[in-house]
Amino acid sequence: MEKVINNFYTKILSNLRNKNKIFYKYNRNQIKYNDVLKKVEKFYSFLKNNNIKRIALYCDKSVNYYATVIAILLSGKTWIQLSKNNPKKRNITIIKEGLADLVISDEQIKFNNKIKIKHFDEILNNQKPTKLTSVCKIKPKSLSCIFFTSGSTGKPKGVKITYMSMISSLNHQLKNLKYSKNDNFSDFHESSFVMSLNTILPCIVIGSSITPFLIES
């Protein structure tokens, strides 16, 4: 399984170094993989240097959102996605149940005095990048992410997914679906829904492009 994870890591890293391929497309805004890598290296450095293990993201879909998700997964940490559609109390419950060390957000928000929050820009403006190497230190049984149920029947329940399970699922997708580098993935799922993995992962592993569905005011 370690060989499979190394292959996953290497493919993503190789695509991030591509100076020509477009990763992000939204209206007229197009951002290349290599420019996303610059952000990934700063988020990666921040997570590593501060020994942060579980990260909750409270944000809309954006280049910073995707870059942070990639940094989390390449660093072997755990991604917990919060929904802006959730009541504040539910998100606080998810943060506590998921044992998140930190919330990274795209807006100035406060949950309570015990929950640490960092803004995307605060990290990007102050953090020196760490150049990603080809050495993969991800453990197969480490948690890649925790997705929480809606809580419609009571308390939200966390579904824990290991790196081994996440990459096995990805490889089944790649085997059975005919993806190509010329594809453009439409990311229209609620970001806190596990289906996000089925959009983001194949896109970055194949080296395709992604376009988010955003509600504009």
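Thresholds applied
- Residues numbered from 1 in each chain as written.
- Predicted model: local features only at pLDDT ≥ 70, side-chain atom pairs only at ≥ 80, totals over all residues.
- Heavy atoms only, no water.
- Patch = residues over 30% accessible without salt bridge, like charges linked within 9 Å, V, L, I, M, F, W, Y side chains within 5 Å.
- Areas by Shrake-Rupley, 256 points an atom, 1.4 Å probe, with all protein chains shown as cover.
- Salt bridge = Lys/Arg side-chain N within 4 Å of Asp/Glu carboxyl O.
- Helix = DSSP H or I, 4+ residues; strand = E, 2+ residues; numbered from the N terminus.
- Buried < 20%, exposed > 50% of the residue type's maximum accessible area, 1.4 Å probe, protein only.
- Core = buried A, V, L, I, M, F, W, Y, C linked by side-chain atoms within 4.5 Å.

### As for a nonpolar patch on the surface
Step number 1: Together, M1, V4 and M164 make up an exposed nonpolar region whose accessible area comes to about 200 Å².
Step number 2: Summarising the element assignment, M164 is placed in helix α6 (residues 163-176).
Step number 3: What makes M164 partly exposed here is its relative accessible area of 31%.

### Section: the nonpolar core
If you look at soluble globular proteins, the nonpolar side chains tend to sit buried side by side.
Step number 1: F23, L57, W79 and M166 are the most contacted members of the largest nonpolar core, which totals 56 residues.
Step number 2: When residues in this core are grouped by element, the largest group, ten residues, is from helix α3 (residues 63-74).

### Thoughts on the pattern of salt bridges
Step number 1: One pass over the full model with this rule turns up six salt bridges.
Step number 2: In this structure, the salt-bridge partner of K38 is D35, at a minimum N-O distance of 3.5 Å. Taken together, the residues span about one helical turn, with K38 and D35 both in helix α2 (residues 33-49) at a distance of three residues.
Step number 3: On the accessibility criterion, K38 (49% relative accessible area) is partly exposed.
Step number 4: When its relative accessible area of 34% is taken as the criterion, D35 is described as partly exposed.
Step number 5: One continuous salt-bridge network, built from bridges that share partners, spans D60, K84, D106 and E107.

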